[in-house]
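Observations on the model geometry
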Amino acid sequence: GEHNAALAASEEVLALHRARDPVSDDVGMGLNDVGIILHTLGRHDEAEAHYQEALTLARRLGDADGVAIYTNNLAELAVARGRPAEAEALAQKALTLAEPIGRRTLIADCCTNLALALTAQGRGAEGRPYAERAVNILAALRSPNLSEAQAALAACAAPPASPRPG
């Protein structure tokens, strides 16, 4: 119920931004917001379309922050969809984009997604340093997202399951 209400409100805000200036950071952020809600609702194809459109717009606008965020959201979506090889490539790219920007929460989120993607491929030992980095950043920031990074770290340490095809 609450997610559907949030989706309706976010779609309305997005429509207003599009009407005012279709090529703007506000439209990109609106697309991302709608994508996040769609992802939460399990509507992965629609979420991906919104993230991709936001990414295209951010590139067009030269919005480095947006490109890193939307690439990382695509990585998180690929993890959720059980596409770990795709998730790994996207998370690595997002991390490379996020580091020069220096937003520590974004760097931590990229590291978490990269650790999860590697672990899903039976490569938890490779993912562990990324998960540790995410935990360290988020603990220092007292972030509410710390538990997600800690769960990724625990997954890295667990014995590998049979890897899923990526």
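Coordinates for the structure precede this section.
The model shown is predicted, which means the values in this text are computed figures rather than measured ones.

1. Digging into the packing of helix 5 (residues 84-101) against helix 6 (residues 104-120)
Their axes nearest at 8 Å, the elements helix 5 and helix 6 cross at an angle of 155 degrees. When the interaxial angle is binned, helix 5 and helix 6 end up roughly antiparallel. In this structure, helix 5 meets helix 6 at a crossing whose hand is left-handed. Along the contact surface, helix 5 presents P84, A87, E88, A91, Q92, A94, L95, A98 and E99, while helix 6 presents L106, I107, C110, C111, N113, L114, A117, L118 and A120. Considering only residue class, the contact of helix 5 with helix 6 consists of 14 nonpolar, 2 polar and 2 charged.

2. Points about the state of the cysteines
Going through the model one piece at a time under the given rule, you end up with 0 disulfides. In this model C111 remains outside any disulfide bridge; the closest cysteine sulfur is found in C110, 6.9 Å from its own. Not part of a disulfide, C156 finds its nearest cysteine sulfur in C111, a span of 11 Å. Among the residues examined, C156 registers a relative accessible area of 7% and is labelled buried.

3. Let's talk about the pattern of salt bridges
Tallying each qualifying case throughout the model produces 11 salt bridges. For E48, the salt bridge goes to R81, with nearest N and O atoms at 2.4 Å. Of this pair, E48 sits in helix 3 (residues 44-61) while R81 sits in the loop between helix 4 (64-80) and helix 5, and the two are 33 residues apart along the sequence. Because the salt bridges share partners, they merge into one network encompassing D45, E48 and R81.

4. Considerations on the environment of G102
As for its placement among the helices and strands, G102 is situated in the loop between helix 5 and helix 6. Using a relative accessible area of 41% as the deciding quantity, one classes G102 as partly exposed. Between the C-alpha atoms of G102 and D65, which are 37 residues apart in sequence, the distance is 9.7 Å.

5. Concerning the layout of surface pockets
A water-sized probe rolled over the atoms picks out the places where empty space is left. Volume-wise, the largest pocket comes out at about 390 Å³. Contributing to the lining of the largest pocket are 18 residues, with N72, E76, D109, N145 and E148 lying nearest its centre. When contributions to the lining of the largest pocket are tallied by element, the ones reaching two or more residues are helix 2 (25-40), helix 4, helix 6 and helix 8 (146-157). For the lining of the largest pocket, the element with the highest residue contribution is helix 6, accounting for 6 residues. Across the lining of the largest pocket, the residue classes tally to 7 nonpolar, 7 polar and 4 charged.

Rules used throughout
- Residues numbered from 1 in each chain as written.
- Predicted model: local features only at pLDDT ≥ 70, side-chain atom pairs only at ≥ 80, totals over all residues.
- Heavy atoms only, no water.
- Axes fitted to C-alpha atoms, helices over the stretch in contact; angles between N-to-C directions.
- Helix = DSSP H or I, 4+ residues; strand = E, 2+ residues; numbered from the N terminus.
- Parallel < 35°, antiparallel > 145°, perpendicular 65-115°, else oblique.
- Left-handed = near helix turned anticlockwise from the far one by under 90°.
- Contact = heavy atoms within 4.5 Å.
- Nonpolar A, V, L, I, M, F, W, Y, C, P; charged D, E, K, R; others polar.
- Disulfide = S-S within 2.5 Å.
- Buried < 20%, exposed > 50% of the residue type's maximum accessible area, 1.4 Å probe, protein only.
- Salt bridge = Lys/Arg side-chain N within 4 Å of Asp/Glu carboxyl O.
- 1 Å grid on protein atoms, 1.4 Å probe; cavity = no way out; pocket = protein on both sides within 12 Å on 5 of 7 lines; lining within 4 Å.
- Points joined across faces, edges and corners; volume = space filled by probe spheres on them.

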